[in-house]
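# Structural description and commentary
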Amino acid sequence: MRDSSLFLKQLLFVCTSIIFFHSAQADEFHYNNILVGDRASGLAGAYVAVSDDPSGLFYNPAGVVYAQTANISANMNAYTYSRTKYKSVLGGQDWIRTSSALVPNFFGITQPLGPGTLGFSYAVTDTILEDQDQTFNDIPRAGTKYTINFNNQDATNNVGPSYAVAIGNKFSIGLTLYGHFRNQQQIFNQSFDFAEESPDVYHWENTYVSLSEKGIKPILGMIFTPFDKISIGLSIQKTFLFSSKLEAQSSCAGTFLTESTAGSTCQPSEFNRSEFSNEEEREFPYIINTGFAWFATNKLMLTWSLWIYEPIHETKNPLFNTAGAIEYYFSTSFAIRIGGYTNLANTPDIKENAVNLYNEHVDIYGATLSFSHFTRTSAITFGAAGTYGSGKAQVISGNSLTQDVEYQGLTVFLSASNSF
Amino acid sequence: MKKFSWLLALLFIVPSITQAEEFLYVMSARAKLLESPKFGSTTIENISKGVKVSAVEKKENWYKVKHNDKTGWLSRLSVSSHPPIKRSRRLAKVDEKMKSRSRRRASAVSTTAAVRGLTDINRTRVNNQDRMDFVALEKLDSQVYSEDEIFAFMEQIKD
Amino acid sequence: MMSSEWIRKPLRFVPLLFILILSTSFSQLWAEEANFRARAHHDLSTVNSVEDVEAEIKFGKTIAARILGQFSLYEDKSLHHYVNLVGNSLAINSSRDDIQFHFAVLDSELINAYSTPGGYVFITKAAIRAMQDESELAAVLAHEIAHISQKHIVKEFKIKGSEKSATAGVTRLLGSSQSSTKVLFTKAVDNAVKKLLSVGFKEIDELEADKTALLLLASTGYDPNSLSRYLGRIKKLKTSSHGKHKPTHPPTNTRINTLAHIARSEQLDNLKFPRVAIRFAKYSLK
């Protein structure tokens with residue numbers, strides 16, 4: 001009896017503190033979570049040297065001066081689904097988290113103004129609608145029934161103007177000034193009870209977290225055309241936060257002493273309530289994106305991009321992501337785009353047998369495929385991006401137990417653009 | 001790595017295969033195929049409207065083209081990358097609907113701005129308040145000149 | 001703690017790189033731009049559809065009707081016939097085979113000529129009176145035809161036929177084409193642009209019209225120097241008084257100099273092409 005009670009206490013302590021670290025930062029561990037813009041999405045985000053339409057406002061504003069028609073508007077709607085499996089979290093059972101979201105995730109418009117081109121765009125750079133509803137009935141040695149309900153909504157929006165101007169025949173420069181807005185809401189509810197063994201022993205906890213960030217994200221871009229048919233792009237960006245506000249409320253009740261999420265204690269046999277707020281701003285790195293595009297013929301284009309991220313989250317070396325893609329026109333009205341990209345974790349590798357502060361490291365790889373149909377003034381694109389990742393995590397905060405993680409994602413998008 | 005090298009090689013070969021031969025269409029009624037890219041050089045032959053030629057080279061306002069067995073230069077004014085579209089006969093006549101619609105609707109565009117004049121001095125104001133003369137316009141529209149008449153006239157362009 | 005050392009070091013080279021790139025770009029400032037970025041589908045948008053041409057002609061007719069409402073036609077059948085033959089000879093060498101050109105002489109004492117989209121060209125009798133030969137008449141008509149062939153007004157006012165394809169319909173459904181944001185945005189920018197820069201656009205148009213006119217004259221077989229000659233002569237004839245109008249044409253001297261420059265670069269200055277004074281004397285105003 002004592003043995004299992006001790007085990008149980010440990011387990012409880014362990015379970016209740018999972019939420020905070022882990023899911024609040026789930027998307028903060030990757031930079032390339034969402035592809036933005038119709039043409040750029042099909043090209044796996046390898047767009048910094050192309051950027052010659054509204055999607056370019058997000059990747060490299062300098063490119064919009066090379067748009068073929070003066071005024072263009074474009075939008076994109078995407079349905080994203082992802083599934084993360086943490087293996088053998090609780091007594092050999094897997095912990096599965098799914099996320100799905102249907103968002104209009106991009107809108108952009110360009111218009112000539114004076115010597116250059118003016119643009120305005122809106123992009124959803126990250127969106128999660130996570131759900132986990134699981135009940136574990138067969139935890140060994142405890143005969144416990146453990147229920148977890150987890151719901152997490154987290155969306156980051158960028159919205160703002162851009163202006164770009166060509167200087168001479170071979171060079172252009174542009175600036176996008178996005179407002180950065182992030183809103184996250186999370187509800188975590190879990191309970192333990194021993195139906196058969198000790199019906200009087202139980203624990204219940206409920207935590208609500210809301211986070212709101214406001215900032216600006218300038219993107220400075222340049223495009224250089226050294227030779228015919230070759231374009232080289234370079235952009236640099238960083239998000240600067242004005243404010244970050246996190247508020248959490250936690251309630252818990254149980255028959256023995258534990259520490260609830262946010263560190264307050266949960267006194268046994270009474271109803272505990274605590275509040276927590278924090279204005280700590282998260283780290284945003286400088287991001288350099290560079291690449292080239294080869295416009296081989298008017299039907300074939302190859303492009304490749306590299307991202308270099310300033311190290312954050314206590315990593316020592318800069319992180320790199322890369323993407324490459326091909327665009328091919330079967331006819332003047334039909335094109336296909338195929339690409340591949342990386343979305344690597346910006347956290348250090350998980351050190352086993354130690355508690356890691358940044359408790360997840362999953363490297364994700366993606367491939368994209370899209371088809372576009374063109375008419376005189378319109379274009380419709382339909383495509384999909386599939387992602388797969390694997391890595392390690394320490395889902396149980398404060399515990400050096402490491403789990404293998406498997407990640408799968410699928411995004412299906414439909415977008416339209418119109419020149420007027 | 002070996003696998004990628006042949007893929008890379010393929011990527012370089014593909015463009016040369018897919019590089020479509022560029023074609024141009026003659027737009028003017030009778031385009032002169034010249035020996036060299038400048039006005040006044042010898043005319044090799046005349047090519048009529050709608051004929052498709054293949055473009056070999058572009059030099060400023062001139063295209064070097066191949067037509068049948070002959071190679072020469074065509075002025076860029078006389079060609080286009082799209083075939084000529086037939087003149088629309090539907091709007092040859094002013095229709096009654098257009099007359100009444102135009103009178104009722106205030107023009108969204110200042111007529112002054114929509115007219116291109118020769119010079120600025122004494123630029124006459126052509127403004128929205130003035131009346132519209134569709135009768136005169138119809139008379140103007142009805143006068144058509146045949147290609148033969150025009151070519152005969154062109155032949156007499158000499159001192 | 002973020003270590004930004006690795007980023008600060010290379011960042012120091014960025015301004016140097018920037019200057020290096022800029023300096024190479026400026027050397028090519030006037031080089032012809034090669035449009036390698038255009039993709040295969042852009043051919044679709046540059047194609048003149050029948051709907052586009054019809055929209056252009058419709059627009060042009062209303063403007064022409066206004067001009068005809070304001071000025072009366074100069075009644076001289078043989079002159080009218082002659083002007084149309086000269087005009088059509090030029091037009092037949094332009095790339096606008098899709099429209100029918102019409103030329104008319106206006107009964108006005110002001111030296112001027114007008115063109116509207118869709119192929120209507122008007123010239124005043126005073127303008128003809130100031131001419132000495134057929135090549136000068138051709139020059140003025142060529143300039144006006146050039147405005148039409150280069151679609152300056154069509155582009156400025158974005159005159160387009162409506163697109164009836166299914167894809168366009170779906171695009172509208174997806175909200176990409178008719179959103180209020182778009183309408184507001186473009187209206188605001190258009191107004192701003194008109195206030196600030198309408199003069200600028202037109203100067204570029206005039207330059208292009210002059211250049212195209214010279215090529216058109218040479219293609220048809222007329223002496224291309226006739227345009228400069230004529231402009232020089234009418235400048236002396238006219239009294240000043242730009243009044244409150246913002247000049248859309250550069251001052252005549254600048255224009256003549258630019259014409260000379262274009263003629264040299266296009267190798268048009270040494271052509272001994274005819275002026276056709278004899279035929280002109282037969283038909284022109286007594």
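Residues numbered from 1 in each chain as written. Chains lettered and ligands numbered in written order. Predicted model: local features only at pLDDT ≥ 70, side-chain atom pairs only at ≥ 80, totals over all residues. Heavy atoms only, no water.

## A short note on the overall build of chain C
Secondary structure summary: chain C contains 13 helices and three strands in total. Sorting the 286 residues of chain C into buried and exposed places 56% on the buried side. For chain C, the share of sequence-separated contacts (at least 6 apart) that also reach a separation of at least 24 residues comes to 73%. Total accessible area computed for chain C in this model is approximately 13100 Å², and 60% of it derives from carbon and sulfur atoms. (Helix = DSSP H or I, 4+ residues; strand = E, 2+ residues; numbered from the N terminus. Buried < 20%, exposed > 50% of the residue type's maximum accessible area, 1.4 Å probe, protein only. Contact = heavy atoms within 4.5 Å. Areas by Shrake-Rupley, 256 points an atom, 1.4 Å probe, with all protein chains shown as cover.)

## Quick look at the pattern of salt bridges
Where charged atoms from two side chains of opposite charge come close, those side chains can pair. Residue and element names in this part refer to chain A. Taken as a whole and judged by the stated rule, the model has 31 salt bridges over all chains. Across the salt bridge formed by E352 and K392, the nearest N and O atoms sit 4.0 Å from each other. In this pair, E352 is assigned in the loop between strand 15 (334-343) and strand 16 (360-374) and K392 in strand 17 (residues 378-393), connecting sequence segments 40 residues apart. Residue E352 is classed as partly exposed on the basis of its relative accessible area of 45%. (Salt bridge = Lys/Arg side-chain N within 4 Å of Asp/Glu carboxyl O.)

## What about the side chain of A:S251?
As for its placement among the helices and strands, A:S251 is situated in strand 8 (residues 240-254). Judged by relative accessible area, which is 14%, A:S251 ranks as buried.

## Considering the packing of aromatic side chains
Here the structure, examined in full by the defined rule, presents 19 aromatic pairs over all chains. Note on C:Y82 and C:F280: the rings are 6.4 Å apart at their centroids and 55° apart in plane angle, and the pair reads as tilted. Of this pair, C:Y82 sits in helix 5 (residues 77-91) while C:F280 sits in helix 13 (residues 277-283); the two residues are 198 residues apart in sequence, bridging distant segments of the chain. There is no split in this pair, since C:Y82 and C:F280 are both buried. Of the aromatic side chains, those joined through ring pairs into one cluster are A:Y47, A:F58, A:Y59 and A:Y178. Between B:K52 and the ring centre of B:F23, over which it is positioned, the NZ or CZ distance is 4.4 Å. (Phe/Tyr/Trp six-rings, centres within 6.5 Å; stacked < 30°, edge-to-face > 60°. Lys NZ or Arg CZ within 6 Å of the ring centre and 35° of its normal.)

## Topic: the packing of helix 5 of chain C against helix 7 (residues 134-149) of chain C
All names here are of chain C. For the pair helix 5 and helix 7, interaxial distance at closest approach is 9 Å and the crossing angle is 60°. One element, helix 5, and the other, helix 7, form an angle in the oblique class. In the crossing of helix 5 with helix 7, the sense of the turn from one axis to the other is right-handed. Judged by residue contacts, Y82, V83, V86, G87, L90 and A91 of helix 5 engage E134, L137, A138, L141, A142 and I145 from helix 7. Considered class by class, the residues forming the contact of helix 5 with helix 7 number ten nonpolar, one polar and one charged. (Axes fitted to C-alpha atoms, helices over the stretch in contact; angles between N-to-C directions. Parallel < 35°, antiparallel > 145°, perpendicular 65-115°, else oblique. Left-handed = near helix turned anticlockwise from the far one by under 90°. Nonpolar A, V, L, I, M, F, W, Y, C, P; charged D, E, K, R; others polar.)

## A few points about a nonpolar patch on the surface
All names here are of chain A. A cluster of nonpolar residues, F330, F334, I338, L369 and F371, forms a patch on the protein surface that exposes about 440 Å² of accessible area. Elements with a minimum of two residues in the nonpolar patch: strand 15 and strand 16. Position of F334 among the secondary structure elements: in strand 15. The exposure class of F334 is partly exposed, given its relative accessible area of 33%. (Patch = residues over 30% accessible without salt bridge, like charges linked within 9 Å, V, L, I, M, F, W, Y side chains within 5 Å.)

## A look at the pairing of strand 2 (residues 113-116) of chain C
Residue and element names in this part refer to chain C. Every second residue of strand 2 is oriented toward a common face, with A113 and S115 on one face and Y114 and T116 on the other, all of them buried. Alignment of strand 2 against strand 3 (residues 120-124), held across four bridges, turns out to be antiparallel. Its bridge partner lying in strand 3, A113 is registered against I123. (Pairing = 2+ DSSP bridges.)

## Some details on helix 12 (residues 252-265) of chain C
Residue and element names in this part refer to chain C. For helix 12, spanning 14 residues, the distance from its first C-alpha to its last is 20 Å, which sits close to the expected 20 Å at 1.5 Å a residue. Restricting attention to buried positions, one finds in helix 12 the residues R255, L259, I262 and A263. Seen from one end, helix 12 has its buried residues packed into an arc of 100°, which puts them on one side. The outward face of helix 12, more than 90 degrees from its buried face, is lined by the exposed residues N257 and R264. Remark: Q267 follows helix 12 within two positions and exhibits a positive phi of approximately 60°. (Expected span 1.5 Å × (residues − 1). Arc of directions from axis to C-beta.)

## Points about the environment of A:L257
Residue and element names in this part refer to chain A. In this fold, L257 is placed in the loop between strand 8 and strand 9 (258-259). Spatially, the C-alpha atom of L257 lies 9.6 Å from that of H203, the residues being 54 residues apart in sequence. Aside from chain neighbours lying at most four places away, what touches L257 is T265, C266, Q267 and P268.

## So, the packing of helix 4 (residues 147-155) of chain B against helix 5 of chain C
Running from N to C, helix 4 of chain B and helix 5 of chain C point in directions that differ by 90°, and their axes come no closer than 9 Å. By the criterion of interaxial angle, the relationship of helix 4 of chain B to helix 5 of chain C is roughly perpendicular. In contact with B:E149, B:I150, B:F153 and B:M154 of helix 4 of chain B, helix 5 of chain C contributes C:H81, C:Y82, C:L85, C:V86, C:N88 and C:S89. Of the residues assigned to the contact of helix 4 of chain B with helix 5 of chain C, the class counts are six nonpolar, three polar and one charged.

## What about helix 11 (residues 226-237) of chain C?
Think of an α-helix as turning once every 3.6 residues; residues three or four places apart then point the same way. In this model, helix 11 of chain C (twelve residues) spans 17 Å end to end at C-alpha, consistent with the 16 Å of a helix rising 1.5 Å per residue. Within the span of helix 11 of chain C, buried status applies to C:S226, C:L227, C:S228, C:Y230, C:L231, C:G232, C:R233 and C:I234.

## Some words on the nonpolar core
Core analysis: the biggest nonpolar cluster contains 62 residues, and C:V83, C:V86, C:L90, C:I123, C:L137, C:L141 and C:Y222 have the highest contact counts within it. Once residues within four sequence positions are removed from consideration, C:L137 is found in contact with C:Y82, C:V83, C:V86, C:I123, C:I128, C:M131 and C:F280. Ranked by size, the runner-up nonpolar core spans 22 residues in total, among them B:L140, C:L106, C:I153 and C:V154. (Core = buried A, V, L, I, M, F, W, Y, C linked by side-chain atoms within 4.5 Å.)

Just distances and angles here, no functional claims.
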